[in-house]
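Remarks on the overall topology
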Amino acid sequence: MQKDAYTLILEAIDTGVYRPGDRLVESELAERFGVSRTPVREALQRLETQSMLARDGRSLIVASLDHNQLAELYVVRAELEGLAARLAAQHATDEEIRVLRAMVEDDHRLLGDPQALSRANRRFHKQIHLASHNRYLVQQLDLVHRSMALLASTSLAAEGRDAAALAEHGAIVAAIEAHDGPAAYEALRQHISRAFETRLKIDAGDVRRR
């Protein structure tokens, strides 16, 4: 199925093709994605109403998050992700748990490559969302993760954070595998809290980046 202009532009922001502060030009987007300008214009208007884009004079640029927005986003993310883990501990199938375990094991080969690990991290979290077997929660987490695309860098770029994050992923999967909902909730909530702490240190220049 062919993707529409909205999905194409959103995916380009999510994958870092367009980063916070980048200017989006209607004609250039139409040419890049091989679509007419009308659906591109409608997509840009939709993304602006969703606060994914912001006005800079007459231009539209990819939005960025200030400190307060970042803090608010992480509060919501920690609670919703924790809920997803708790529900996954209750409802995940044996097959879904094996997939999660394999993801953690496979991701060790990506240590030292922050961008590749960041993509793998998104896949891991998405798998937990799906394992919650709650479509409404999955929809809300999709919105949260869409906003995460407005962050200019990944916390996994901080020195030492990649190995620590994978260890935390292992603990999350272990709790889900044990069908321990409270432990899964707390493990994932703490994982998000540590990621936020690392991001704050990056922004303050307190940690080295790879």
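Named according to an unreviewed UniProt entry, the chain is GntR family transcriptional regulator originating from Ruixingdingia sedimenti.

**Let's talk about the overall build of the chain**
When its secondary structure is counted, the chain shows 9 helices and 3 strands. For a compact globule of 210 residues, the expected C-alpha radius of gyration is about 17 Å, and the chain comes in at 18 Å, within 12% of that figure. Projected onto its principal axes, the C-alpha coordinates of the chain cover approximately 55 × 40 × 30 Å. Out of the 210 residues belonging to the chain, those deemed buried represent 44%. Carbon together with sulfur atoms contributes 47% to the accessible area of the chain, which is approximately 11200 Å² in total. Across the chain, the 28 positively charged side chains and the 31 negatively charged ones have centroids separated by 3 Å.

**Here's the deal with the pairing of strand 2 (residues 53-56)**
Judged from the 4 bridges that link them, strand 2 and strand 3 (residues 59-62) form a sheet pairing that is antiparallel. Looking at the pairing, Asp-56 lines up with Ser-59 of strand 3. The antiparallel pairing of strand 2 with strand 3 creates a hairpin that spans 2 residues between the two strands, and Gly-57 there sits at a positive phi of about 70 degrees.

**Quick look at the nonpolar core**
One finds Tyr-74, Phe-124, Ile-128 and Ile-176 to be the most contacted residues of the largest nonpolar core, which totals 32 residues. For this core, the element with the most residues is helix 4 (residues 67-91), which contributes 10 residues. Residues Ile-13, Leu-24, Leu-44 and Leu-60 belong to the second largest nonpolar core, which totals 21 residues.

**Some remarks on helix 7 (residues 135-148)**
The terminal C-alpha atoms of helix 7, which comprises 14 residues, lie 20 Å apart, in line with the 20 Å expected from a rise of 1.5 Å per residue. Within the span of helix 7, buried status applies to Leu-137, Val-138, Leu-141, Val-144, His-145 and Met-148. On an axial view of helix 7, the arc spanned by its buried residues comes to 120 degrees, and they lie on one face. Turned more than 90 degrees from where helix 7 packs its buried face, Arg-135 and Tyr-136 sit exposed. Packing partners of the buried residues in helix 7 comprise helix 1 (5-14), helix 4 and helix 6 (114-131). Its side-chain oxygen at 3.2 Å from the backbone nitrogen of Tyr-136, Asn-134 defines the N-terminal cap of helix 7.

The rules behind each value
- Residues numbered from 1 in each chain as written.
- Predicted model: local features only at pLDDT ≥ 70, side-chain atom pairs only at ≥ 80, totals over all residues.
- Heavy atoms only, no water.
- Helix = DSSP H or I, 4+ residues; strand = E, 2+ residues; numbered from the N terminus.
- Rg over C-alpha atoms; globule rule 2.2 N^0.38 Å.
- Buried < 20%, exposed > 50% of the residue type's maximum accessible area, 1.4 Å probe, protein only.
- Areas by Shrake-Rupley, 256 points an atom, 1.4 Å probe, with all protein chains shown as cover.
- Lys, Arg positive; Asp, Glu negative; His and termini not counted.
- Charge placed at Lys NZ, Arg CZ, Asp CG, Glu CD.
- Pairing = 2+ DSSP bridges.
- Core = buried A, V, L, I, M, F, W, Y, C linked by side-chain atoms within 4.5 Å.
- Expected span 1.5 Å × (residues − 1).
- Arc of directions from axis to C-beta.
- Contact = heavy atoms within 4.5 Å.
- Polar contact = N/O pair within 3.5 Å; in protein donor to acceptor, adjacent residues only side chain to side chain.

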